[in-house]
Amino acid sequence: MDGEPVCACLVAAGQVEGREVVTVEGLADYANQRAAGTAAADRGAAPGAAWESASAEAGPAGTSLDAARRWQARPAPGEQPDGAELAPVQQAFIDAGAVQCGFCTPGLLVAADELIERTPQPSDADIREALSGNLCRCTGYEKILDAVRLAAARSEDPSATGEVRK
Amino acid sequence: MTPHAEPRGAEPRTTENRAPEGAARPAPAGTPPRAQTAPSRVPTSLEQGSATRGGIGESTLRPDGTLKVTGEFAYASDMWHEDMIWGYTLRSPHAHAEIVSIDVSEALRQAGVHTVLTHADLPSDTTHYGLEMQDTPVLANDRVRHHGEPVALVAADHPETARRAAAKIRVEYAVLPVVHDEESATAQDAPLLHPGRADHHAEHVPHPNIVHRQPIVRGDVAAGRDRADVIVSGDYEVGMQDQAFLGPESGLAVPSEDGGVDLYVATQWLHADLRQIAPVLGLPEDRVRMTLSGVGGAFGGREDLSMQIHACLLALRTGRPVKIVYNRFESFFGHVHRHPARLHYEHGATRDGRLTHMTCRIVLDGGAYASSSPAVVGNAASLAAGPYVIDDVRVEALALYTNNPPCGAMRGFGAVQACFAYEAQMDKLAAELGLDPVEFRQRNAMSQGSVLPTGQRVDAPAPVAEILRRVRAMPMPPERQWESAEPTGGASPGTAVDVRALPGGLSNTTHGEDVVRGVGYAVGIKNVGFSEGFDDYSTARVQLQVIGGEPVALVHTAMAEVGQGGVTVQAQIARTELGVTRVSIQPADTQVGSAGSTSASRQTYVTGGAVKHVCELVRERVLELGRARFGTYHPAWAQAELLLEGGKVVTDGGEALASLADVLEDETIDLESEWRHRPTEAFDLVTGQGQGHVQYSFAAHRAVVEVDTALGLVKVVELACAQDVGKAINPDAVIGQIQGGSTQGLGLAVMEEIVVDPDSKVRNPSFTDYLIPTILDTPTIPVDVLELADEHAPYGLRGAGEAPTLSSTPAVLAAIRQATGLDLPRVPVRPEHLTGTDSGTDAG
Ligand code: FES
């Protein structure tokens with residue numbers, strides 16, 4: 001892969017250690033650019049471009065320090081002012097205690113949400129299979145299973161628990 | 001207790017935490033019935049003098065939960081500054097080498113590079129750091145001592161630019177022979193890792209490549225041997241485990257106008273970092289201001305410094321904010337690991353199942369730098385006998401200096417290695433005596449009043465026999481559960497076998513042929529808090545004021561929230577003590593006094609104790625104010641027993657005297673104070689006697705495994721745990737700690753190991769090759785929580801985070817041994833150990 005454009009995630013995962021590679025933030029993005037005939041310049045010559053291009057629409061990548069220091073519990077844009085508009089799976093992760101450090105949480109939420117959409121009443125084996133590509137180092141997964149069961153139960157019958165906020 | 005100035009920044013990031021409203025959360029509806037994942041002894045109405053919701057004993061929700069499920073929570077790696085640049089660390093490819101020369105000119109010429117730093121550029125005379133001994137160079141000087149040691153730093157306008165520039169630094173190494181085990185490290189002519197040691201352990205160690213050695217001598221081992229009807233001995237080995245937290249080491253250093261630096265970082269102990277960072281920068285501590293940014297797990301791996309000094313050096317040199325984020329590969333080199341160990345044990349017992357004596361020798365590999373090796377040695381030695389009464393004991397524990405990766409703190413801290421070995425011994429003894437292994441343990445279990453080999457009396461409940469009884473009493477998972485599972489999804493066509501429930505899973509390697517079940521038990525003992533005479537304290541600052549007619553408490557400590565839920569607990573304690581509903585948790589920083597480390601299972605005990613203590617001082621001040629304002633109107637104000645509940649001052653009979661809003665008016669009470677646990681003392685260097693520990697924590701596990709004996713594949717079917725936590729301040733969070741700790745123990749049992757070559761190079765620094773348990777590897781973990789109060793601790797609580805990591809590993813091993821009949825003296829167990837196809841090069 002020397003000299004080849006590769007996804008920056010390979011660098012993050014340590015898979016190209018010691019190689020001379022060119023990173024592209026997301027190969028899909030790269031493919032789009034190549035299709036448009038604009039890509040393939042050595043991005044090392046334009047430092048910053050690779051990491052920032054993918055998120056150009058969303059503003060600078062990451063979170064500004066000032067914003068980070070101001071962060072507090074508040075509803076995200078588009079939410080009700082009372083902050084109640086979390087998706088069932090998000091609320092279930094909080095309620096079940098499936099979040100400790102939370103570093104794994106976004107990935108697990110996406111996988112769990114996809115599972116429930118596909119299989120509204122998943123068995124435990126289904127849940128384990130669907131989440132097997134996501135690591136969590138803090139929880140031992142038990143409360144993550146609880147959270148997915150809870151989200152599935154609430155999605156199926158919102159009146160059953162009186163807790164689903166939709 | 002001086003009032004504080006406002007913290008820097010007009011809008012500090014606070015986490016607002018309201019008490020839950022309405023009834024307790026209903027249990028998940030429609031979920032399949034499972035074994036007890038809730039404690040079977042949930043606290044009854046013991047809420048200490050408070051009717052305020054969201055206090056201690058309730059499973060309140062995390063104040064940062066919403067931020068974490070919406071992706072808004074700011075981890076250290078999310079930090080950003082408008083004009084920041086990126087730091088990168090060049091690391092040694094050799095485990096031991098002389099640095100002949102370093103040429104940075106080509107790297108400096110690369111476009112986008114701001115600076116390159118080596119040891120020669122360090123700004124002060126202090127060029128080394130370390131938790132206990134300052135033996136670690138900030139950047140390697142004339143010699144590298146382990147694979148991955150930092151040699152040079154680059155700052156550039158893009159991380160990729162920095163990485164490429166670092167590759168252009170020309171370092172000429174002259175490779176040296178390595179020392180990699182006890183034999184090579186303590187040979188007569190062994191190369192010395194640290195010649196000319198001047199540390200306080202140097203004079204009592206038998207060889208300069210031994211960091212610290214702690215013997216324990218109690219009773220008469222020879223007499224014990226004479227009394228023994230059976231004697232068993234064994235050699236055991238524990239591989240090098242990694243904390244493998246998911247949020248990589250990262251931080252952002254911002255130079256300030258006064259020549260100092262503001263550092264935002266993911267760490268376990270801000271003030272210990274500060275103490276090590278400032279001298280290297282040549283700055284007074286008040287010009288290095290640290291703020292905790294979001295931490296993605298720690299488990300001991302953030303106790304030592306990683307990129308902290310490096311980022312500050314680059315920021316001060318360039319005048320620009322500098323961010324450093326390790327990738328996964330670098331993270332494996334960026335923090336210390338759990339000490340690998342070789343252990344030799346001998347136990348004796350009488351026919352009626354009483355232990356007569358124990359001797360052991362525990363050799364821990366500390367790697368190239370000391371880190372917390374001396375304290376790990378102290379723990380391994382003092383807890384080497386386990387939770388058993390043994391009068392005649394001889395222990396020797398030591399840590400080596402080698403060219404292997406440095407090892408230090410990881411959850412369990414020296415007690416994990418010992419527990420693996422002494423629990424294997426208990427099973428061997430029981431088998432030799434023809435006794436049930438649980439009953440044998442119960443006959444020898446310590447209890448309150450027992451004396452440890454250190455001569456210390458256990459002065460709090462020690463329900464070792466009881467947790468063994470409870471874990472055994474839990475219902476067993478059904479036999480052949482792969483057949484009873486619903487044949488959906490992954491079921492093989494045409495059969496009722498769900499291969500997902502079998503060893504090998506969807507690899508479809510067996511339908512039950514050659515699969516044997518085994519059941520194993522283990523129990524362990526872990527100390528809580530810092531030991532051996534360390535002045536272990538924490539600091540809290542609590543404000544109470546009325547905002548919008550409602551009393552609000554603000555709690556500020558330097559406690560590192562690393563995921564464990566310390567912020568939840570702080571809010572619960574403030575509610576209980578102050579009778580308020582609204583609590584704001586201030587971000588942890590060095591503007592408030594030290595909270596000590598988030599380690600040793602100590603934060604709920606010590607920082608929780610500090611918050612409780614300061615809340616009590618605030619309450620006194622409220623009552624003073626109340627007496628001054630209203631004392632003449634109601635005689636009850638003169639009573640001593642007044643409480644704060646539901647936003648009011650009430651008598652112990654429940655009569656409301658005044659609302660907090662009326663008492664406080666526009667006054668803000670603002671107090672800061674330290675709180676410390678009972679003092680401990682050092683262990684005698686010859687006999688190991690001493691009141692070394694402040695509290696003990698006990699957990700027991702039962703593991704049920706299924707082993708495909710043909711392929712050597714293990715499936716842990718269930719891992720049940722019973723643990724005494726004294727008082728569950730937040731029962732759900734306690735269970736989360738127990739399940740997470742148990743899973744890390746399972747990982748050590750069957751998969752987790754940093755593999756180090758005989759030439760001391762790390763072979764598997766990635767999640768492709770260093771395996772941690774996935775949700776498929778992790779079984780149901782039913783938990784039974786016992787709450788026997790320790791009268792010396794706040795609320796009677798007992799540190800809970802580490803004990804479950806101890807007994808989990810030996811319980812899984814005991815179960816695999818029962819299934820296979822094999823000895824299995826080494827963890828992690830790999831398939832080749834079970835099928836007899838092991839080449840034997842690295843197994844014990
Ligand atoms: S909550 Fe920390 S990794 Fe999952």
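Since the structure is predicted, the reported quantities are computational estimates derived from the model, not experimental observations.

J.: I tried to follow the sheet that holds strand β4 (residues 97-103) of chain B on my own but got confused; where do I start?
T.: By way of backbone hydrogen bonds, the strands of a sheet pair with one another, either parallel or antiparallel. Residues and elements named next belong to chain B. Sheet architecture is open: three strands sit in the order β8-β4-β10, paired in antiparallel fashion. If you trace the sheet from one side to the other, it starts and ends with β8 (143-144) and β10 (170-175), each paired once. Bridge count between β4 and β10: six bridges; the pairing is antiparallel. Across the sheet, Ile99 pairs through a bridge with Tyr173, a residue of β10.

J.: Teacher, can you tell me more about the state of the cysteines here?
T.: Residue and element names in this part refer to chain B. Enumeration over the complete set of coordinates arrives at zero disulfides over all chains. Between Cys419, a free cysteine, and Cys721, which holds the nearest cysteine sulfur, the sulfur-to-sulfur gap is 11 Å. Judged by relative accessible area, Cys419 falls into the buried class, the value being 0%.

J.: So what exactly am I meant to see when it comes to the pairing of strand β23 (residues 537-547) of chain B here?
T.: Side-chain positions along a regular strand alternate between the two faces of the sheet. All names here are of chain B. When β23 meets strand β29 (residues 669-676), the two strands line up antiparallel, connected through eight bridges. When the bridges of β29 are listed, Thr539 appears paired with Glu674. By the bridge criterion, seven bridges tie β23 to strand β24 (residues 550-556) in an arrangement that is antiparallel. The residue bridging Gln543 from the neighbouring strand is Leu554, located in β24. The antiparallel pairing of β23 with β24 creates a hairpin that spans two residues between the two strands, and Gly548 there sits at a positive phi of about 60°.

J.: What should I look at first to understand the packing of helix α17 (residues 731-750) of chain B against helix α18 (residues 803-820) of chain B in this one?
T.: When two helices pack together, their arrangement is given by the angle between their axes and by how far apart the axes lie. All names here are of chain B. Interhelical geometry of α17 versus α18 gives an angle of 45° and a closest axis separation of 7 Å. Considered as vectors, α17 and α18 are oriented oblique to each other. In terms of crossing hand, the pair formed by α17 and α18 is right-handed. From α17, Gln737, Ile738, Gly741, Ser742, Gln744, Gly745, Leu746, Leu748, Ala749 and Val750 reach across to α18, where they touch Pro804, Thr805, Ser808, Thr809, Val812, Leu813 and Ile816. When its residues are assigned to classes, the contact of α17 with α18 shows nine nonpolar, eight polar and no charged.

J.: Help me understand the confidence of the model for chain B, please; the structure alone is not making it clear to me.
T.: Close reading of the predicted structure is inappropriate where its pLDDT is low. Residue and element names in this part refer to chain B. Overall, the predicted model of chain B reaches an average pLDDT of 92, with 92% of residues at or above 70. The low-confidence segment residues 1-13, where pLDDT is below 50, has 31 contacts with residues more than four positions distant or belonging to other chains. Here residues 20-50 is modelled with pLDDT under 50, and outside its nearest four sequence neighbours on either side it reaches 65 contacts, counting other chains as well.

J.: Explain the environment of Met358 of chain B here, please?
T.: Relative to the helices and strands, Met358 of chain B resides in strand β19 (residues 355-365). When sequence neighbours within four positions are dropped, the list of residues in contact with Met358 of chain B reads Val221, Tyr345, Glu346, His347, Ala384, Ala385, Ile390, Asp392, Val393, Arg394 and Val395 of chain B.

J.: Would you mind showing me how to read the environment of Phe630 of chain B here?
T.: Residues and elements named next belong to chain B. Tracing the backbone through its elements, the reader meets Phe630 in helix α15 (residues 603-630). The sequence separation of Phe630 and Asp662 amounts to 32 residues, and the corresponding C-alpha distance is 9.6 Å. Excluding its chain neighbours within four sequence positions, the residues that come into contact with Phe630 are Trp637, Ala658, Asp662 and Val663.

J.: Help me understand the confidence of the model for chain A in this model?
T.: All names here are of chain A. Overall, the prediction assigns chain A a mean pLDDT of 68, with 44% of residues at 70 or greater. Note on residues 37-61: pLDDT is under 50 here. Beyond four places in sequence and across chains, it has 34 contacts. Note that pLDDT drops below 50 for residues 162-166; the model gives that stretch 13 contacts with residues more than four away or on any other chain.

J.: I keep staring at the domain arrangement of chain B and nothing clicks. Help me out?
T.: Accessible area lost when the parts come together is the quantity often used to give the size of an interface. Residues and elements named next belong to chain B. If you check the domain split of chain B, you get domain 1 (85-176 + 249-325), domain 2 (192-243 + 337-431), domain 3 (458-529 + 689-835) and domain 4 (537-676). Each of domain 1 and domain 2 has a C-alpha centre, and the two are 34 Å apart. Between domain 1 and domain 2 lies a buried interface of about 1700 Å² when both sides are counted; carbon and sulfur atoms form 54% of it. Viewed at the interface, domain 2 and domain 1 are joined by eleven residue pairs in polar contact (both at pLDDT 80 or more). Each residue belonging to the side of domain 1 that touches domain 2 can be placed in one class, and the counts come to six nonpolar, five polar and seven charged.

Rules used in this analysis
- Residues numbered from 1 in each chain as written.
- Chains lettered and ligands numbered in written order.
- Predicted model: local features only at pLDDT ≥ 70, side-chain atom pairs only at ≥ 80, totals over all residues.
- Heavy atoms only, no water.
- Pairing = 2+ DSSP bridges.
- Helix = DSSP H or I, 4+ residues; strand = E, 2+ residues; numbered from the N terminus.
- Disulfide = S-S within 2.5 Å.
- Buried < 20%, exposed > 50% of the residue type's maximum accessible area, 1.4 Å probe, protein only.
- Axes fitted to C-alpha atoms, helices over the stretch in contact; angles between N-to-C directions.
- Parallel < 35°, antiparallel > 145°, perpendicular 65-115°, else oblique.
- Left-handed = near helix turned anticlockwise from the far one by under 90°.
- Contact = heavy atoms within 4.5 Å.
- Nonpolar A, V, L, I, M, F, W, Y, C, P; charged D, E, K, R; others polar.
- pLDDT = per-residue confidence, 0-100.
- Domains from an automatic or database assignment.
- Buried area = accessible area lost by both parts, 1.4 Å probe.
- Polar contact = N/O pair within 3.5 Å; in protein donor to acceptor, adjacent residues only side chain to side chain.

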